[in-house]
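# Descriptive analysis of the structure
So the chains spell out like this:
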Amino acid sequence: MPDPAVAFDAVSKSFGSKEVLKNVTFSIAAGTAFVLLGRSGSGKSVMLKIICGLLKVDSGSVAVHGNEITKLDSQQLAETRRHMGFLFQSAALFDSLSVGENVAFPLRRNTRKTDAEIREQAKDLLQKVGLDGEYDHAPSQLSGGMRKRAGLARALAMEPSILLIDEPSAGLDPITSTEIDQLLVDIKTKHHATLVVVTHNIPSARRIADQMAFLEDGHLVAQGTLKELEQNENQLVRDFLKSQQAG
Ligand SMILES: Nc1ncnc2c1ncn2[C@@H]1O[C@H](COP(=O)(O)OP(=O)(O)OP(=O)(O)O)[C@@H](O)[C@H]1O
Ligand SMILES: [Mg+2]
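Residues numbered from 1 in each chain as written. Chains lettered and ligands numbered in written order. Predicted model: local features only at pLDDT ≥ 70, side-chain atom pairs only at ≥ 80, totals over all residues. Heavy atoms only, no water.

## Concerning the domain arrangement of the chain
- Per the domain assignment, the segments making up the chain are domain 1 (17–83 + 160–247) and domain 2 (94–158).
- For domain 1 and domain 2, the distance between their C-alpha centres works out to 24 Å.
- Both sides together, the interface formed by domain 1 and domain 2 hides about 1,000 Å², and carbon and sulfur atoms give 71% of it.
- Looking only at domain 1, the three residues that lose the most surface to domain 2 are R82, P160 and L183, adding up to 43% of its buried area.
- Across the domain 1-domain 2 interface, the total number found is zero salt bridges.
- For the pair domain 1 and domain 2, the interface holds two residue pairs in polar contact (both at pLDDT 80 or more).
- Every element with two or more residues in the side of domain 1 that touches domain 2 is listed here: β7 (162–166) and α6 (174–191). (Domains from an automatic or database assignment. Buried area = accessible area lost by both parts, 1.4 Å probe. Salt bridge = Lys/Arg side-chain N within 4 Å of Asp/Glu carboxyl O. Polar contact = N/O pair within 3.5 Å; in protein donor to acceptor, adjacent residues only side chain to side chain. Helix = DSSP H or I, 4+ residues; strand = E, 2+ residues; numbered from the N terminus.)

Right, dumping it as structure tokens:
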């Protein structure tokens, strides 16, 4: 068996006296899409930030492609992170850079490609997310959904083996949201990337997920395929999945 893309073993994390994750254990097989569900404040974003090493755990271990990330020094962690793409909840773009230069940013920083190559690649990425023609615009000129898509293009720039996405459909209309989901599934299939997606959007979760997990009060209370979760003994999980557009 190859190493899982991500493996949590008995992970706990608190902020002050607030325990956000309590003894959480799960793994995500490489090349699959894992969707994390749970109510607001349940710790989903914290989990993504732990996977990319932005937050440290209090106890337990976190392995990424078999490497225990809590033991890496900052240089090794940076190297591991180069193989990850993130799209955070706020889709933070750099306001001082054009949309295209936001997408080009990781390429300028991490590769030795020429300016022309980088511009070309950034344009291709923008086209992929339906933002062709936006290269020279300022992020402030984009709608919320367009910013999200620009953030996704930037996350894809380094062809990540693990893509961490916090709420891909927040602020998007259902059609754009479906397109983004399709793009994510394509990336998974064509590049054998692992997706870790947090969403409140149940139709979107249904489209993307190979495996789903449900976080409640710091515990991972359910994990499995959509079918398995629909029959879960926990009513909250079943109700959550029945809602068409929760959150
Ligand atoms: N850096 C931090 N410092 C202190 N508390 C934090 C920090 N980050 C998160 N928390 C707390 O951890 C808990 C979980 O937060 P998290 O952002 O993971 O929730 P979430 O499941 O992503 O919620 P939402 O669906 O609203 O985005 C919250 O109580 C939050 O206040
Ligand atoms: Mg969140």
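The structure having been displayed, the exposition proceeds.
## As for the sheet that holds strand β5 (residues 67–68)
- The strand order across the open sheet formed by four strands is β2-β1-β4-β5, and the pairing between neighbours is antiparallel. The open sheet terminates on both sides in strands that have one partner only, identified here as β2 (18–28) and β5.
- The pairing of strand β1 (residues 6–15) with strand β4 (residues 59–64) spans five bridges and is classified as antiparallel. Opposite A7, over in β4, you have A63 as the bridge partner.
- Across the sheet, helix α1 (residues 44–51) touches β1, β2 and β4, and the angle it forms with β1 is around 120 degrees. (Pairing = 2+ DSSP bridges. Contact = heavy atoms within 4.5 Å. Axes fitted to C-alpha atoms, helices over the stretch in contact; angles between N-to-C directions.)

## Points about the pairing of β7
- Of all five residues that make up β7, five are buried, and the element is covered over most of its length.
- As judged from the four bridges shared by strand β6 (residues 84–87) and β7, these two strands associate in the parallel manner. Across the sheet, the residue bridging to L87 is I165, located in β7.
- Pairing analysis gives five bridges linking β7 to strand β8 (residues 194–198), with the strands arranged parallel. (Buried < 20%, exposed > 50% of the residue type's maximum accessible area, 1.4 Å probe, protein only.)

## Some thoughts on the packing of helix α3 (residues 99–110) against helix α4 (residues 115–128)
- At their nearest, the axes of α3 and α4 sit 9 Å apart, and the two run at 120 degrees to each other. When the axis of α3 is compared with that of α4, the two are oblique. Handedness of the α3/α4 crossing: right-handed. Packed against α3, whose contacting residues are V99, G100, E101, V103, A104, L107 and R108, the element α4 presents D115, I118, R119, Q121, A122, L125 and L126 at the interface. (Parallel < 35°, antiparallel > 145°, perpendicular 65-115°, else oblique. Left-handed = near helix turned anticlockwise from the far one by under 90°.)

## Observations regarding the environment of H137
- Position of H137 among the secondary structure elements: in the loop between α4 and α5 (144–156).
- In this structure the C-alpha to C-alpha distance between H137 and R82, which are 55 residues apart in sequence, comes to 26 Å.
- Filtering out sequence-adjacent residues up to four positions away, H137 remains in contact with S98 and V99.
- Within polar-contact distance, the side chain of H137 engages the side chain of E134 at 2.6 Å.

## Brief notes about the pairing of strand β3 (residues 33–38)
- Burial analysis of β3 places six of its six residues in the buried class, which makes it a mostly covered element.
- As paired strands, β3 and strand β9 (residues 211–216) are joined by five bridges and run parallel to one another. For L37, the partnering residue across the bridge sits in β9 and is F214.

## Observations concerning α1
- In terms of burial, α1 is a largely internal element, seven of the eight residues being buried.
- The set of residues buried in α1 consists of K44, S45, V46, M47, L48, I50 and I51.
- Following α1 by one or two positions, G53 has its phi on the positive side, about 80 degrees.

## A closer look at the packing of α5 against α6
- Taken N-terminus to C-terminus, the directions of α5 and α6 make an angle of 5 degrees; their axes are 12 Å apart at the nearest point. Classified by the interaxial angle, the pair formed by α5 and α6 is roughly parallel. For the pair formed by α5 and α6, the contact residues are R149, L152 and L156 on the first element and T176, I180, L183, L184 and I187 on the second.
- The residue makeup of the contact of α5 with α6, split by class, is six nonpolar, one polar and one charged. (Nonpolar A, V, L, I, M, F, W, Y, C, P; charged D, E, K, R; others polar.)

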